[in-house]
Amino acid sequence: MLLDKRIPVSYIYNKIKSDLFIIIIIGVCAHFLSSAFVDNIPSMPSNIPAFLGTAITVLLSFKISQSYDRWWEARKVWGAIVNDSRSFVIQLQSFLPNPNSPVITTLAYRQIAWCYSLGQSLRGLDPLEGTGAFLSKNDVSHLAQHKNKPLALIQLNALDIKQLYTYNEIDTFKHTQLDSTLVRLVDSMGKAERINSTVFPKTYRLFLHLAIYLFVITLSISLKEIALIYELPLLVILSSIFLLLEKSAYHLQDPFRNRPSDTSVTAIARTIEINIRQLLGEKDIPDPLSPQGFYLL
Amino acid sequence: MLLDKRIPVSYIYNKIKSDLFIIIIIGVCAHFLSSAFVDNIPSMPSNIPAFLGTAITVLLSFKISQSYDRWWEARKVWGAIVNDSRSFVIQLQSFLPNPNSPVITTLAYRQIAWCYSLGQSLRGLDPLEGTGAFLSKNDVSHLAQHKNKPLALIQLNALDIKQLYTYNEIDTFKHTQLDSTLVRLVDSMGKAERINSTVFPKTYRLFLHLAIYLFVITLSISLKEIALIYELPLLVILSSIFLLLEKSAYHLQDPFRNRPSDTSVTAIARTIEINIRQLLGEKDIPDPLSPQGFYLL
Amino acid sequence: MLLDKRIPVSYIYNKIKSDLFIIIIIGVCAHFLSSAFVDNIPSMPSNIPAFLGTAITVLLSFKISQSYDRWWEARKVWGAIVNDSRSFVIQLQSFLPNPNSPVITTLAYRQIAWCYSLGQSLRGLDPLEGTGAFLSKNDVSHLAQHKNKPLALIQLNALDIKQLYTYNEIDTFKHTQLDSTLVRLVDSMGKAERINSTVFPKTYRLFLHLAIYLFVITLSISLKEIALIYELPLLVILSSIFLLLEKSAYHLQDPFRNRPSDTSVTAIARTIEINIRQLLGEKDIPDPLSPQGFYLL
Amino acid sequence: MLLDKRIPVSYIYNKIKSDLFIIIIIGVCAHFLSSAFVDNIPSMPSNIPAFLGTAITVLLSFKISQSYDRWWEARKVWGAIVNDSRSFVIQLQSFLPNPNSPVITTLAYRQIAWCYSLGQSLRGLDPLEGTGAFLSKNDVSHLAQHKNKPLALIQLNALDIKQLYTYNEIDTFKHTQLDSTLVRLVDSMGKAERINSTVFPKTYRLFLHLAIYLFVITLSISLKEIALIYELPLLVILSSIFLLLEKSAYHLQDPFRNRPSDTSVTAIARTIEINIRQLLGEKDIPDPLSPQGFYLL
Amino acid sequence: MLLDKRIPVSYIYNKIKSDLFIIIIIGVCAHFLSSAFVDNIPSMPSNIPAFLGTAITVLLSFKISQSYDRWWEARKVWGAIVNDSRSFVIQLQSFLPNPNSPVITTLAYRQIAWCYSLGQSLRGLDPLEGTGAFLSKNDVSHLAQHKNKPLALIQLNALDIKQLYTYNEIDTFKHTQLDSTLVRLVDSMGKAERINSTVFPKTYRLFLHLAIYLFVITLSISLKEIALIYELPLLVILSSIFLLLEKSAYHLQDPFRNRPSDTSVTAIARTIEINIRQLLGEKDIPDPLSPQGFYLL
């Protein structure tokens, strides 16, 4: 997540440098070609590029809006994970006869591990990194056979809850109530995976780039009588704004790629760890994750 | 689902070739007619086509947005199917006294068959293709009489769960909790069928095409004094962008038509198969479905 | 529901013929008045009508979008009715000791009658037409006293389910689980009635028409030096597109008016009948409703 | 709710007469000032007001859309109240041993009173008007001490339902199922109160008016060479459309203010009364509320 | 929350004074530079700034719309808190044998404290301010160890509800039903925290400001032949409208910052206090919070 701090120019520049290079080439070529053939090439009415610019803005606005929705949905899913993780622990303490029972710690720690593991696996990193402190040896060996580690962790919790029912620690109602919480966690996991694995319809991006290039060409022809030194900055700045908006949208729409614009899943998992450990009455609580410069992962 | 790979130009070209042909004919005719009668035909102020272009963009933006919503809803429905299939198996293992009971395998396999069958039937293909390994002979003969195979599969699972209750394997609570999961699956099935069977209001498409043709005609008249060699590429590129966006939207809005832009239901069903078989503790797990060039079905 | 087939021109023409007539009168009058006083009337800059056209498009786009949402919500409500009708029958078969009990048929047939009756009553037609085969004489005489027939049908089902509980056919849980299904059906019914009885804010339509007339007048003045034979087709086609879009939106926003653009409630009720009768194991199943030319009711 | 009937011009005129007066003053002043100093004041390019007009339309479209959403949400909330009121009575009849028990009438009548009372209190009118026939003396005296009458009515129903449980008329399940219905009613009440008490961000309205005035001034300067008799009608009609749209949105966004554009809460409460009394088997049913000219309250 | 009253000009002016200063500097510089080099600098077609202005409006409209959604979601979350707090107390009175039991007061008071505490902690203020009257000494000392005070308060209520179950005051059903209410409260808390801690994608703001500055420069060049005294007010007013809209959106998107445009969480908490204390039958009820001039916190 980008923070509300000064963003380095280099970060922004790096986003669009290759596209910008293409724009400059197109602009310079179009300028020289149309200057060379200035008498042959008819004049372009200036509202052709102006209308194209408006059209690009409207399409960009659609794209930004859908990308924002994906990003915001990803954040909502992780918000739901925070809520259900907290509720899960409070439910265990409220449902089990002994609120300090060690089985609560086992289940709650596994839930913490699940949060870290889900974040890592969405980002394509090692899904067990940072979960060591929260899992038993048995758990780790059980996970080894599973491709989808977070799903296996939920299965382990479901089977442990079933033991509580078998040993009459909870009745069948509380069993189903806890099961409903697990169902919500499975839902959140699946939603995050869905956002991660669904490619935003690629053709829009293609046609948008095509439209931006066409905009540069028509604007450049329309301004052909103006010296390159005045025309080029205008071309570059206008198309930079388009390209930067498009690129920001492109990054937002995939919020689990280990990039500065990601949803801050590690920081959220840490918050969950802090909350759960305080609910368990522990004293030695870690600090929240600190940002890396202008962003928080 | 189109992947984030290079899309062949032929794929894009094939989408619009017939419309493009009409556009070229219109453009050329309008050009020659207006050149022939250049003195009679009054000049068209260039902001008439510019405004028309903006109007088309705004309407296209509405259409793209609604089509995207249908496509995204279809993906969400299949995401919910993933989640509920996983939860269903975890619930069975958590609710039945013996988590390795063969009845769990029967129910879980039928759920896998349901996923493949729903995907096939939405696409209008043979709804039982690929389900053979997961269904008993009895199941297959029972399905023969049913028009809606996936609905019949859910009915079979509901009746088997009822048996579990009758034989006291689960109590009435867990019966209703499992029933709630089946209700959600029936909901997802119905939602996908709804998207599939509801025709997007056809008149918009008609009026949009009408507006694009009018745009080409007015632009062509407005540029009548310009040589055809400069005018035609502009006409063609501008209207191609409109047509391509419209066609992409048209394809997105029907995501179960066995086309490259489809929701990748077979791949999702395979993921569910993998997840469920790992939850059952099986060793011999198939690989995820691999893409066919630039798309995944 | 309009099908994805060729729509007769007469259908489209009839939608807007009266408005079109007004437009032509306005256009011709404005043309002759401004030609007559061509020296007195100052020239209208052509971006006044162009801006008005853009403004109309933006407002139309809002209207189309809200109308589409109402239409889509209506379709979703009927999709939910499909799902809950199917689930209702599956639940009865799963909850009652005997899945072939005649009471299931009674309840399921009443549910079919409810679907047909709700569709008819939303369209303002005879709410009992086509329900005869599914209701007993007692039911019909009970309904006679009720103004809201579908609500009375749900009440009958609720009281029959209560009988099942009183005679210990189902326990209190399953009673409440079935009650939850009835609550969802009451919700769907109320949602459809809400869409049907809520008038879309009328003033927007008024102001939109006003704006379209103003557009025609300003465009006509702006083009006053052009011969009527060139000007009128442009005026007529441009305003036709606006009027057709507005009219399509107007029709979409009230999807239960017995019009070709209606939600196809009768066809959906037929689908439900087919599904339910197959779930009951019946052999003599009716065919799906066939379309009436270019639409399906 | 405005009906789909002819709306009196006076109603529309009254909405904007004060704003219109300001517009005329601004227009006339701007005209004379710019005519007086016609040589000093430079000419305004006509696409400055045209762009401003487009900008105003886009912002208006945002405002209309959010206001419409509030209005539609208000209608949805009242639709949910209809559904839950109907379900509440059907549940009581299905859950209590005797479906004609007088306690059902007491609870159902109190529910009717709640609907009328909530509508009145949202509109800032006497919250007990029209509820006399449905409440006992005890109820009325209990309500006297409460500031929030509808909340107190729900509390009374909750306590009566508890009595049913205490006297073993319903079991603990049905108690919680009825409690869930009450929770939904509390939710609907709170949602309506939220819409009613939340002021739409005021600054937008302010800036929108500012933009409309600026539009009038720039347009007036841009048309300064045109006689006032041609210019003023254009100014007035264009800004009227903006002002009327803005005012309609302003009225829609607060749908409980005892205005013609209100959600028709009294008529809805009457519908609920009719439905509930028919469900109770009563014969002497009142008629639906009839509209007051062009609107229904 | 800003009220529907006259907003002081100083409030509005202070929002944008620094940005306005930059705009004036840019405008004046651009004017003098382009006047100085009036022969060298080519003329800027006036539809370049006009198109830029439209583009800015479209992007602003996206930003306003998303900010409004965050603000409205925040209000909805607090509306849900109102509803669940009321339902919680009504449930306790309906579920416990003695509706005047002191434990209800303890739980209800803690719920009031939770509302105040959540509001304070979202705003970064002392989370226990104003909660003294509603918490026991034990509660206060328990909270001392917790970083997230509202979460700890919910935990305390959950453990007290568990006591009710242990002492057979409520059965296991009512325990789970109350637990569901607590789960919803945990959800609402988490949702508010999510809105509070998620930074709106910063890059949009940056690019929007960049576009506004570019708009000022191009407009200023396009109007270079006009005297500064006519040009500057136009520049300033046009860009003020953009800047004010942007700033309003910026403030709306973070509704828990102790600013006049905040969601009025303290006033809502007071309403909850009033409602709950009336439900408890208390006589000495505080007044609603009164506004501070033109806003309510």
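Residues numbered from 1 in each chain as written. Chains lettered and ligands numbered in written order. Predicted model: local features only at pLDDT ≥ 70, side-chain atom pairs only at ≥ 80, totals over all residues. Heavy atoms only, no water.

As named in an unreviewed UniProt entry, chain A is Bestrophin, taken from Rufibacter hautae. What UniProt states about chain A under its Subcellular location (unreviewed entry) heading is, verbatim, "Cell membrane". (UniProt positions renumbered as here; feature names shortened; annotations may be inferred.)

Examining the overall build of chain A
When you go through chain A residue by residue, the secondary structure sums to nine helices and zero strands. Each helix and strand of chain A, ordered N terminal to C terminal, gives the series α-α-α-α-α-α-α-α-α. By the compact-globule yardstick of 19 Å for 297 residues, chain A is too spread out, its C-alpha radius of gyration being 27 Å. When the 297 residues of chain A are sorted by exposure, 66% land in the buried category. Residue pairs at least 24 apart in sequence account for 77% of intrachain contacts in chain A once pairs closer than 6 positions are excluded. When the accessible surface of chain A is summed, it comes to about 10,300 Å², and 59% of that surface belongs to carbon and sulfur atoms. Counting 28 positive and 24 negative side-chain charges, chain A places the averaged centre of each group 1 Å from the other. (Helix = DSSP H or I, 4+ residues; strand = E, 2+ residues; numbered from the N terminus. Rg over C-alpha atoms; globule rule 2.2 N^0.38 Å. Buried < 20%, exposed > 50% of the residue type's maximum accessible area, 1.4 Å probe, protein only. Contact = heavy atoms within 4.5 Å. Areas by Shrake-Rupley, 256 points an atom, 1.4 Å probe, with all protein chains shown as cover. Lys, Arg positive; Asp, Glu negative; His and termini not counted. Charge placed at Lys NZ, Arg CZ, Asp CG, Glu CD.)

So, the side chain of Asn83 of chain B
Assignment of secondary structure puts Asn83 of chain B in helix α2 (residues 47-95). In this structure Asn83 of chain B comes out as buried when scored by relative accessible area, which is 3%. Within polar-contact distance, the side chain of Asn83 of chain B engages the backbone oxygen of Asp187 of chain A at 3.3 Å. Not counting chain neighbours up to four residues away, the residues in contact with Asn83 of chain B comprise Val186, Asp187, Gly190 and Lys191 of chain A. (Polar contact = N/O pair within 3.5 Å; in protein donor to acceptor, adjacent residues only side chain to side chain.)

Re the pattern of salt bridges
This model, assessed by the stated rule, comprises 70 salt bridges over all chains. For the salt bridge of Arg194 of chain D with Glu73 of chain D, the shortest nitrogen-to-oxygen distance reads 2.8 Å. Placement of Arg194 of chain D in helix α6 (residues 172-197) and of Glu73 of chain D in helix α2 (residues 47-95) is noted, with a sequence separation of 121 residues between them. Each member of the pair, Arg194 of chain D as well as Glu73 of chain D, carries the same accessibility label: buried. As a salt-bridge pair, Glu273 of chain E and Arg270 of chain E come within 3.9 Å of each other at their nearest N and O atoms. Taken together, the residues span about one helical turn, with Glu273 of chain E and Arg270 of chain E both in helix α9 (residues 265-279) at a distance of three residues. The exposure class of Arg270 of chain E is partly exposed, given its relative accessible area of 22%. (Salt bridge = Lys/Arg side-chain N within 4 Å of Asp/Glu carboxyl O.)

Some points on the packing of aromatic side chains
A ring pair, where both rings are aromatic, is described by two values, the distance of the centres and the angle of the planes. Counted under the stated rule, the structure contains 75 aromatic pairs over all chains. Judged by centre distance (3.7 Å) and plane angle (70°), the rings of Phe173 of chain C and Phe173 of chain D are edge-to-face. Residue Phe173 of chain C is found in helix α6 (residues 172-197), and its partner Phe173 of chain D is found in helix α6; the two belong to separate chains. Judged by relative accessible area, which is 11%, Phe173 of chain D ranks as buried. Each residue in the set Phe62, Phe200 and Tyr204 of chain A together with Tyr68, Trp71 and Trp72 of chain B is aromatic and connected to the rest through ring pairs, giving one cluster. (Phe/Tyr/Trp six-rings, centres within 6.5 Å; stacked < 30°, edge-to-face > 60°.)

With respect to the environment of Leu96 of chain C
Considering the arrangement of structural elements, one finds Leu96 of chain C in the loop between α2 (47-95) and α3 (102-122). Through-space distance from the C-alpha of Leu96 of chain C to that of Gly53 of chain C is 63 Å; in sequence the pair is 43 residues apart. Dropping the residues within four chain positions of it, Leu96 of chain C is found in contact with Lys162 of chain B together with Val103, Ile104, Leu164, Glu169 and Ile170 of chain C.

Observations concerning a positive patch on the surface
Side chains of Lys76 and Lys191 of chain A, Lys76 and Lys191 of chain B, Lys76 and Lys191 of chain C, Lys76 and Lys191 of chain D together with Lys76 and Lys191 of chain E sit close together on the surface and give a patch of like positive charge. Along the chain, Lys76 of chain D falls in helix α2. (Patch = residues over 30% accessible without salt bridge, like charges linked within 9 Å, V, L, I, M, F, W, Y side chains within 5 Å.)

Focus on helix α1 (residues 9-36) of chain D
Where α1 of chain D bends most, at Lys17 of chain D, the angle is about 55°. Those residues of α1 of chain D that sit buried are Tyr11, Ile12, Lys15, Ile16, Asp19, Leu20, Ile23, Ile26, Gly27, Ala30, His31 and Ser34 of chain D. On the buried face of α1 of chain D, the contacting elements are α7 (202-222) of chain C together with α7 (202-222) and α8 (228-252) of chain D. (Bend = angle between axes of the 7 residues up to and from the residue.)

Section: the UniProt feature "transmembrane region" (unreviewed entry) in chain A
Residue and element names in this part refer to chain A. Look at the UniProt record and you will see "transmembrane region" (unreviewed entry) annotated at residues 20-38, 44-62, 204-221 and 227-245. Helix makes up 100% of residues 204-221 and strand makes up 0%, while its end C-alpha atoms are separated by 26 Å. The span residues 227-245 shows a helical share of 95% and a strand share of 0%, and its end C-alpha atoms are spaced 28 Å apart.

Some thoughts on the relation of the copies chain E and chain A
Superposing chain E onto chain A requires a rotation of 72° together with a translation of 0.0 Å along the rotation axis, leaving an RMSD of 0.0 Å. A rotation of that kind, with that shift, is consistent with a five-fold axis. A share of only 7% of the interface residues of chain E reappears at the interface of chain A, consistent with the copies meeting through non-equivalent patches. (Least-squares fit on C-alpha atoms with pLDDT ≥ 70 in both.)

Notes on the interface of chain E and chain A
Contacts between the two partners involve 59 residues from chain E and, on the opposite side, 65 residues from chain A. When chain E packs against chain A, the two sides together hide about 5,400 Å² of surface, and 67% of this comes from carbon and sulfur. Here chain E and chain A share two salt bridges between them. As a salt-bridge pair, Lys202 of chain E and Asp4 of chain A come within 3.9 Å of each other at their nearest N and O atoms. If you look at where chain E meets chain A, you find 23 residue pairs in polar contact (both at pLDDT 80 or more). Sorting the residues of the side of chain E that touches chain A by element identifies α2 (47-95), α5 (149-166), α6 (172-197) and α7 (202-222) of chain E as the ones contributing at least two each. Top contributing element to the side of chain E that touches chain A by residue count: α6 of chain E, with 16 residues. The residue makeup of the side of chain E that touches chain A, split by class, is 31 nonpolar, 18 polar and ten charged. (Buried area = accessible area lost by both parts, 1.4 Å probe. Nonpolar A, V, L, I, M, F, W, Y, C, P; charged D, E, K, R; others polar.)

Here we look at the confidence of the model for chain A
Summary statistics for chain A give a mean pLDDT of 91 and a share of 98% for residues scoring 70 or more. Mean pLDDT across the elements of chain A bottoms out in helix α1 (residues 9-36) of chain A (84) and peaks in helix α3 (residues 102-122) of chain A (97). (pLDDT = per-residue confidence, 0-100.)

Concerning the packing of helix α5 (residues 149-166) of chain D against α2 of chain E
Remark: α5 of chain D packs on α2 of chain E, axes separated minimally by 9 Å, with the N-to-C direction vectors making an angle of 30°. Taken together, the axes of α5 of chain D and α2 of chain E are roughly parallel relative to one another. Like other packed secondary-structure pairs, α5 of chain D and α2 of chain E cross with a definite hand, here right-handed. From α5 of chain D, Leu151, Ile154, Gln155, Ala158, Leu159 and Lys162 of chain D reach across to α2 of chain E, where they touch Arg86, Ile90, Gln93 and Ser94 of chain E. (Axes fitted to C-alpha atoms, helices over the stretch in contact; angles between N-to-C directions. Parallel < 35°, antiparallel > 145°, perpendicular 65-115°, else oblique. Left-handed = near helix turned anticlockwise from the far one by under 90°.)

Things to note about the environment of Ala108 of chain B
Looking at the secondary structure, you find Ala108 of chain B in helix α3 (residues 102-122). On a C-alpha basis, the gap between Ala108 of chain B and Phe173 of chain B in space is 20 Å, while along the polypeptide they are 65 residues apart.

Considering α5 of chain E
Residues and elements named next belong to chain E. Over its 18 residues, α5 runs 26 Å from end to end, which matches the ideal 26 Å to within 8%, given 1.5 Å per residue. A large share of α5 lies buried, amounting to 13 of its 18 residues. Note on α5: the residue one or two positions beyond its end, Asn168, has a positive phi of about 60°. (Expected span 1.5 Å × (residues − 1).)

Observations concerning a negative patch on the surface
Taken together, the side chains of Asp69 of chain A, Asp69 of chain B, Asp69 of chain C, Asp69 of chain D together with Asp69 of chain E present a region of like negative charge at the surface. Relative to the helices and strands, Asp69 of chain B resides in helix α2.

Quick look at the packing of helix α6 (residues 172-197) of chain A against helix α6 (residues 172-197) of chain B
Relative to each other, α6 of chain A and α6 of chain B sit at 25°, their axes nearing to 9 Å. Considering their axes alone, α6 of chain A and α6 of chain B lie roughly parallel with respect to each other. In the crossing of α6 of chain A with α6 of chain B, the sense of the turn from one axis to the other is right-handed. Each of Thr172, Phe173, His175, Thr176, Asp179, Ser180 and Val183 of chain A in α6 of chain A lies in contact with α6 of chain B, whose residues at this interface are Phe173, Lys174, Gln177 and Arg184 of chain B. Considering only residue class, the contact of α6 of chain A with α6 of chain B consists of three nonpolar, five polar and three charged.

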